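# Summary of the model geometry
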Amino acid sequence: MIEIRRVACAAALASLMASAAQAEVPLAIGERVSALRFTDIHYLPRSLDDLGAKKAIVLFFTSADCPVARRYLPRVADLEARYRERGVAFVGVNAGAGDSIVETAEQSVEQDIAFPFVKDFGGEAARALGVDRLAEAVVLDGERRLRYRGRVDAQYRLSGVAAEPGRADLAEAIEDVLAGRDVRIAETLVDGCLVAFPPPREPARDVTFARDVAPLLQRHCQDCHRAGGSAPFPLVTHDDAVSHAPMIAEVVKEERMPPWFASAKHGTFENRRGLSADERRTIVDWVATGAPLGDANALPPPRRFSESRWTIGEPDLVVRMAEPVSIPATGIVDYKYVMLPFVFLQDTWVRAIQILPDNPRVMHHCNLAWFRVGEKFDENRNFITGQVPGGGPMALDAGVACRIPKGAMLGLEIHYVTTGEPETDRVSVGLVFPREVVHKEIQHLMLTNGRFEIPPGAPAWPVRASRAFDGDATGVGLFSHMHVRGRDMTFTAHSPDGRDETLLSIPNYSFDWQLAYVWPRGTQHFTKGTRVDCVAHYDNSQWNPFNPDPTKPVRFGRQTFEEMMYGYLFYTTDAEDLSLRVNPKNGWAQSHN
């Protein structure tokens, strides 16, 4: 059975590679494009149909590093803003052979481009349209016929910059198409970087699962892809991997897995995920050559995982919802707010907290905060942690702890989703108390803005928030939260001495994979008065495949058809030294060290 699947995997991939390598016949002016497919910044396959009915479509070919294309992008953005209301759609097409999806999305954030960017893996779209230079533009009319192919204008060149742009070739072509007449100059020469079409590559024939692939799956995949893990299937045995081999090759080649959404240009994060280029080639070559097992004696020893659902270790205290919650089979479930039946009689210090649902498939995310009866709730003060897709529990470094105040109770804000059948769930919260002396209390800046309205159809609507440090501090990590229209989020620190630093850029935010970004301990410092700005962009356009309704304005709200803007920066205060010894049985401070 394994042999049959292995041959099938090899045949399927060989057919895919042969199709990709086959040269497309370039489209002639006036001919209709039959189909163009791309990959968007969410790793989804897209086509021109996703733009809806348009009077014209402009495709601008670019890459992360072509200087001519980068110079022209602001000018193309100006054209897009000018023609958007006249029924013209613009798309940035990344044809850089070595550019990832994150780098594709990052260019739109860096250069403040509102129109969508897509990735042309393999260069199929460029070949089909006869595009061989970056900074080249293509104009299609409403019937998807090729009407123009060439430059934006003649100002920016590989060897320099002209004083004047000369004829506005792209704008003139758009005007001709909108007027229903033949484009006066339908083709122009482009002085841009050559498109580096990926050359055919013979896969390495000596790659085996036992020697080469199993260690990579252990290191990069099995934290989630294992029995009891958060992934939908395990990747532990050769049989597991062969069963999903074509899909593994696809997601690895596109750098979709392991999931990671931060730009590599900004910040160093100790929990960074990702495969090297050599590791990706190893996995893709293994699939292409039939996914062989190799010498079973070369298999690495299997990883050992705890059978407990508590990844923080056995908790010192578990607080559980008094009653289970019922979730209907279909529809939208309003957020559930639940107080946990436990009162903290003294200030309680906690090193690790895990939010654990009995039924994980129905809980999208959950926030945990403390409350005192009769006191006003303040998210900036009361928030503790959350459980989100792709995220893990709060586990603090030795010497750092979270404080739950005397007289407080814990409360949950839970977002449940329907599964097609009636469900129930009952959430438990596990707490681990410190064994080491506590020197620092974990703090956070909450960068949030609830006063916004995203207009209908807006492709990149900005929402901003700022907070400042009131003392010298050391950063722990960052986290972002938006809903399904969230496109990107960037954190920037502005020091009192005038220095600016981009702390984190998430150019292709994912609602389904909300990751924390953790600095190596003690490496990120902030001086008193440093202001942290957070800017998020929202895509309320038809292009957004997750948009519930692009015809309606969107405001702040708890449900996913509404929006949120939350940026969190966790830190400790440099001047603080609590020197507390904590009773490991109840989390109460016993004495100063």
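Our structure's up above, just so we're on the same page.
I will try to describe carefully the structure that is included in this document. Each chain has its residues counted from 1, following the order in which its sequence is written. A pLDDT threshold of at least 70 governs which residues receive local features in this predicted model, and a stricter bar of 80 or more applies before side-chain atom pairs are shown or counted, although totals over entire chains, interfaces and linings include all residues. Water and hydrogen atoms were dropped before computing side-chain values, which therefore reflect all heavy atoms in the structure.

### With respect to the overall build of the protein chain
Assigned secondary structure in the protein chain consists of 10 helices and 35 strands. On the principal axes, the C-alpha backbone points of the protein chain span a range of 85 × 60 × 50 Å. Relative accessible area decides the class of each residue, using a 1.4 Å probe on protein chains only: under 20% of the type maximum gives buried, over 50% gives exposed, and in between gives partly exposed. Residues classed as buried in the protein chain amount to 52% of the 593 residues present. For the protein chain, long-range pairs separated by at least 24 residues make up 79% of all intrachain contacts whose partners lie at least 6 apart in sequence. To measure how exposed things are, a 1.4 Å probe is used in the Shrake-Rupley method; for residues, cover is taken only from the protein chains shown. About 27100 Å² of surface is accessible on the protein chain, with carbon and sulfur atoms providing 51% of the total. Of the charged side chains in the protein chain, 66 are positive and 77 negative, and the gap between their average positions amounts to 1 Å. Numbering of helices and strands runs from the N terminus, with a helix taken as a DSSP run of H or I at least four residues long and a strand as a DSSP run of E at least two residues long. Contacts are assigned to residue pairs that have any heavy atoms within 4.5 Å of one another. In this tally, Lys and Arg are treated as positive and Asp and Glu as negative; His is ignored, and so are the chain termini. For the purpose of locating charges, the reference atoms are NZ of Lys, CZ of Arg, CG of Asp and CD of Glu.

### Side note on empty space enclosed by the protein
The definitions used throughout rest on a 1 Å grid laid over the protein atoms alone, on which a cavity is an enclosed set of points accommodating a 1.4 Å probe that cannot get out and a pocket is an open set flanked by protein within 12 Å on both sides along at least five of seven lines; lining residues are those having an atom within 4 Å of a point. Grid points are joined across faces, edges and corners, and a volume is the space filled by probe spheres set on the points. As enumerated under the stated definition, the model contains 2 cavities of 30 Å³ or more in all. Computed from the structure, the largest cavity encloses a volume of approximately 160 Å³. Ile 41, Pro 116, Arg 487, Asp 539 and Trp 543 are, among the 17 residues lining the largest cavity, the residues nearest its centre. Ten residue types, Ala, Val, Leu, Ile, Met, Phe, Trp, Tyr, Cys and Pro, are classed as nonpolar, four, Asp, Glu, Lys and Arg, as charged, and the remainder, Gly among them, as polar. Here the residues of the lining of the largest cavity are counted per class, giving 8 nonpolar, 5 polar and 4 charged. Here the second largest cavity defines a volume of roughly 30 Å³. When grouped by side-chain class, the residues that make up the lining of the second largest cavity number 6 nonpolar, 3 polar and no charged.

### Quick notes on the nonpolar core
Nine residue types can take part in a nonpolar core, namely buried Ala, Val, Leu, Ile, Met, Phe, Trp, Tyr and Cys, and a core is a set of them joined through side-chain atoms within 4.5 Å. One finds Leu 36, Leu 48, Leu 59, Phe 60, Phe 61, Phe 90 and Leu 170 to be the most contacted residues of the largest nonpolar core, which totals 55 residues. Elements represented by at least two residues in this core include exactly β3 (56–62), α2 (67–83), β4 (88–94), β5 (117–119), α4 (124–129), β6 (137–141), β7 (146–150) and α5 (169–179). Sort the elements by how many residues they give to this core and α2 lands first, with 8 residues. Setting aside anything within four residues of it in sequence, one finds Phe 61 in contact with Ala 69, Val 93, Ala 95, Asp 120, Ala 126, Leu 129, Val 131, Arg 133, Leu 134, Ala 135, Glu 136 and Val 138. Counting residues in each nonpolar core, the second largest holds 42 residues, with Val 319, Val 325, Ala 408 and Leu 412 among its members.

### Quick look at the sheet that holds strand β16 (residues 383–387)
Sheet strands associate in pairs through backbone hydrogen bonding, adopting either a parallel or an antiparallel arrangement. Pairing within the open sheet is antiparallel, and its 4 strands lie in the order β12-β19-β15-β16. Every other strand in the sheet has two partners, leaving β12 (336–339) and β16 as the edge strands with one partner each. Averaged over neighbouring strand pairs, the angle between their axes works out to 20° when direction is ignored. Bridge count for strand β15 (residues 363–371) against β16 is 4 bridges, and the pairing is antiparallel. In the strand pairing of β16, Ala 369 is matched with Phe 383. Strand pairing requires that DSSP identify at least two bridges connecting the strands. As a rule, the C-alpha atoms of each element are fitted with a line to give its axis, helices using only the stretch in contact, and angles between N-to-C directions run from 0 to 180 degrees.

### With respect to the state of the cysteines
Any pair of cysteine sulfurs within 2.5 Å is marked as a disulfide. According to the stated counting rule, one finds 1 disulfide in the structure shown. The disulfide partner of Cys 66 is Cys 193, and the gap between their sulfur atoms is 2.3 Å. Across the S-S bond linking Cys 66 and Cys 193, the dihedral sits near 90°, which makes this disulfide right-handed. With Cys 66 in the loop between β3 and α2 and Cys 193 in the loop between α5 and α6 (209–220), this pair connects stretches of sequence that are 127 residues apart. By the burial criterion, Cys 66 is buried, and Cys 193 matches it. Cysteine Cys 366 remains unbridged, with the sulfur of Cys 402 as its closest cysteine sulfur at 15 Å.

### Notes on the packing of aromatic side chains
What counts as a ring pair is set by centres within 6.5 Å for rings of Phe, Tyr and Trp (its six-membered ring), and what kind of pair is set by the plane angle: stacked under 30 degrees, edge-to-face over 60, tilted for all other angles. Summed over the entire model, instances satisfying the criterion amount to 18 aromatic pairs. Ring geometry for Phe 269 against Tyr 517: centres 5.8 Å apart, planes inclined by 65°, an arrangement best described as edge-to-face. In this pair, Phe 269 sits in the loop between α8 (245–253) and α9 (277–288) while Tyr 517 sits in strand β29 (residues 516–518), placing the two residues 248 residues apart along the sequence. With a relative accessible area of 2%, Tyr 517 lands in the buried category. With a centroid separation of 5.1 Å and an interplanar angle of 85°, the aromatic rings of Phe 469 and Tyr 571 are classed as edge-to-face. Of this pair, Phe 469 sits in the loop between β25 (461–468) and β26 (473–481) while Tyr 571 sits in strand β33 (residues 566–573), placing them 102 residues apart in sequence. Exposure remark for Phe 469: the relative accessible area of 3% places this residue in the buried category. Among the residues examined, Tyr 571 registers a relative accessible area of 10% and is labelled buried.

### Considerations on the packing of α2 against α5
Running from amino to carboxyl end, α2 crosses α5 at an angle of 20°, the nearest separation of the two axes being 11 Å. Put simply, α2 runs roughly parallel to α5. Helix-helix and strand crossings are classified by hand; for α2 and α5 the assignment is right-handed. Two secondary-structure elements touch here, α2 through Leu 79, Arg 82 and Tyr 83 and α5 through Leu 170, Ala 171, Ile 174, Glu 175 and Leu 178. A breakdown of the residues in the contact of α2 with α5 according to their chemical character gives 6 nonpolar, no polar and 2 charged. Roughly parallel covers angles under 35 degrees, roughly antiparallel covers those over 145, roughly perpendicular covers 65 to 115, and oblique covers all other angles. Crossing chirality is assigned from the near helix's rotation relative to the far helix, an anticlockwise turn below a right angle marking it left-handed and a clockwise turn marking it right-handed.

### Digging into helix α3 (residues 101–110)
Within α3, 8 of the 10 residues are buried, leaving the element largely enclosed by the surrounding structure. For α3, the set of buried residues is Ile 101, Val 102, Thr 104, Ala 105, Glu 106, Gln 107, Ser 108 and Val 109. Under the rule applied, a polar contact is a pair of N or O atoms within 3.5 Å (in protein, one hydrogen donor and one hydrogen acceptor; residues adjacent in sequence only if both atoms are side-chain atoms). The distance from a side-chain oxygen at the start of α3 to the backbone nitrogen of Val 102 is 3.4 Å, and the residue carrying that oxygen is Ser 100. Taken from the residues just after α3, Asp 112 is the one with a positive phi, measuring 55°.

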